[in-house]
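This is what each chain is made of:
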Amino acid sequence: IDVTEETFLESEILIKEINKIIKNIDTKRKDVMSELKEPVEVFSQSCKELVSLCEEAKNNLILQGQAFQTKRLNGWKAILNEYLLLQYEVFTIQDEFKTLNVDDLAMKSNFTDKNNLTASTKNIIDSKIQAILLLQNKVAMRLVELENKCLKAGLISSLERRHIENFIKSDDETYNTKLNIL
């Protein structure tokens with residue numbers, strides 16, 4: 001309505017009625033919100049409990065997975081070290097040369113489905129053992145050569161391993177250089 005002299009009182013009454021409608025709408029809104037709030041809170045709490053149960057189950061699986069992986073890794077390392085020790089015996093590797101660490105080979109791809117070493121893994125270990133055997137033989141040869149050189153030189157007491165211990169396993173050039181210094 002347009003407020004004029006004739007409709008002014010009517011507008012005042014209309015304002016009071018609109019205020020009553022506003023109050024009724026607000027009251028109804030609060031009542032509905034109150035009714036809806038409780039089920040929403042119950043639903044929210046139920047969801048939180050479900051999430052908590054899921055997190056607990058997930059964490060349990062993670063712990064079991066970590067324990068399984070540790071057990072499997074330790075089993076693989078044991079198999080690798082067992083093979084290594086066997087190869088040390090086969091190639092008669094002396095204790096001082098038993099320095100090979102094969103733990104880095106402890107991975108699924110180096111084992112068959114029946115948890116045996118693959119042929120390629122055995123070859124890797126065998127080639128490392130061969131290198132150790134070569135070094136062991138080189139050291140033995142160097143000791144024999146050293147004794148012969150000392151005898152030929154007419155030394156009263158020959159040089160011993162303890163004299164060349166810090167470089168006996170070096171490459172040929174380093175070994176010869178340091179030996180000549182002695």
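These numbers were taken from a predicted model, which means no experiment stands behind them.

**Some details on the packing of aromatic side chains**
Applying the stated criterion across every chain, the model contains two aromatic pairs. Ring plane angle 15 degrees and centroid distance 5.2 Å describe the contact between Trp-76 and Phe-111, whose orientation is recorded as stacked. With Trp-76 in helix H1 (residues 8-90) and Phe-111 in the loop between H1 and helix H2 (119-152), this pair connects stretches of sequence that are 35 residues apart. The class of Trp-76 is buried, set by a relative accessible area of 6%. Each ring, one from Phe-167 and one from Tyr-175, has its centre 5.8 Å from the other, and the planes form 45 degrees; the classification is tilted. Lying across the ring of Tyr-175, Arg-142 places its NZ or CZ 4.0 Å from the centre. The ring of Phe-97 carries Lys-169 above its face, with NZ or CZ at 4.6 Å from the centroid.

**Quick notes on the side chain of Thr-7**
Relative to the helices and strands, Thr-7 resides in the segment before H1. Judged by relative accessible area, which is 18%, Thr-7 ranks as buried. Ignoring anything within four residues of it in the chain, the contact list for Thr-7 reads Ile-1 and Asp-2.

**Let's talk about H1**
With 83 residues, H1 ought to run about 123 Å at 1.5 Å a step, and its terminal C-alpha atoms sit 117 Å apart, in line with that. After H1 finishes, the residue Thr-92 shows a positive phi value of roughly 45 degrees.

**With respect to a nonpolar patch on the surface**
A surface patch of nonpolar side chains, amounting to about 700 Å² of accessible area, comprises Ile-1, Val-3, Phe-8, Leu-9, Leu-14, Ile-18 and Ile-22. Assignment of secondary structure puts Leu-14 in helix H1.

**Here's the deal with the confidence of the model for the protein**
For the protein, the mean per-residue pLDDT works out to 91, and 100% of the residues sit at or above 70. Confidence, expressed as mean pLDDT per element, reaches its minimum in the protein at helix H3 (residues 161-164) with 78 and its maximum at H1 with 95.

**As for the pattern of salt bridges**
Any two side chains of opposite charge can pair, so long as their charged atoms come close to each other. On inspection of all chains with the given rule, the structure shows seven salt bridges. For Lys-30, the salt bridge is made with Asp-26, and the minimal N-O distance between the two is 3.5 Å. Within this pair, Lys-30 and its partner Asp-26 are both found in helix H1, separated by four residues, close to a single helical turn. For Asp-26, a relative accessible area of 31% puts it in the partly exposed group. The salt bridge partner of Glu-55 is Lys-58, with a shortest N-O separation of 3.2 Å. Of the two residues, Glu-55 and Lys-58 are both situated in helix H1; the distance of three residues between them amounts to about one turn of the helix. Overall, Lys-58 belongs to the partly exposed group, its relative accessible area being 42%. Among the charged side chains, a salt-bridge network with shared partners connects Asp-26, Arg-29 and Lys-30.

**A look at the packing of H2 against helix H4 (residues 172-181)**
Where H2 contacts H4, the axes come no closer than 13 Å and their chain directions differ by 25 degrees. It follows that H2 is roughly parallel to H4 by the angle criterion. Along this stretch, H2 crosses H4, giving a crossing that reads as right-handed. Counted together, Lys-138, Arg-142, Leu-146 and Lys-149 of H2 and Asp-172, Tyr-175 and Leu-179 of H4 form the full contact between these two elements. For the contact of H2 with H4, the class distribution of residues is three nonpolar, no polar and four charged.

Rules behind the numbers
- Residues numbered from 1 in each chain as written.
- Predicted model: local features only at pLDDT ≥ 70, side-chain atom pairs only at ≥ 80, totals over all residues.
- Heavy atoms only, no water.
- Phe/Tyr/Trp six-rings, centres within 6.5 Å; stacked < 30°, edge-to-face > 60°.
- Helix = DSSP H or I, 4+ residues; strand = E, 2+ residues; numbered from the N terminus.
- Buried < 20%, exposed > 50% of the residue type's maximum accessible area, 1.4 Å probe, protein only.
- Lys NZ or Arg CZ within 6 Å of the ring centre and 35° of its normal.
- Contact = heavy atoms within 4.5 Å.
- Expected span 1.5 Å × (residues − 1).
- Patch = residues over 30% accessible without salt bridge, like charges linked within 9 Å, V, L, I, M, F, W, Y side chains within 5 Å.
- Areas by Shrake-Rupley, 256 points an atom, 1.4 Å probe, with all protein chains shown as cover.
- Salt bridge = Lys/Arg side-chain N within 4 Å of Asp/Glu carboxyl O.
- pLDDT = per-residue confidence, 0-100.
- Axes fitted to C-alpha atoms, helices over the stretch in contact; angles between N-to-C directions.
- Parallel < 35°, antiparallel > 145°, perpendicular 65-115°, else oblique.
- Left-handed = near helix turned anticlockwise from the far one by under 90°.
- Nonpolar A, V, L, I, M, F, W, Y, C, P; charged D, E, K, R; others polar.

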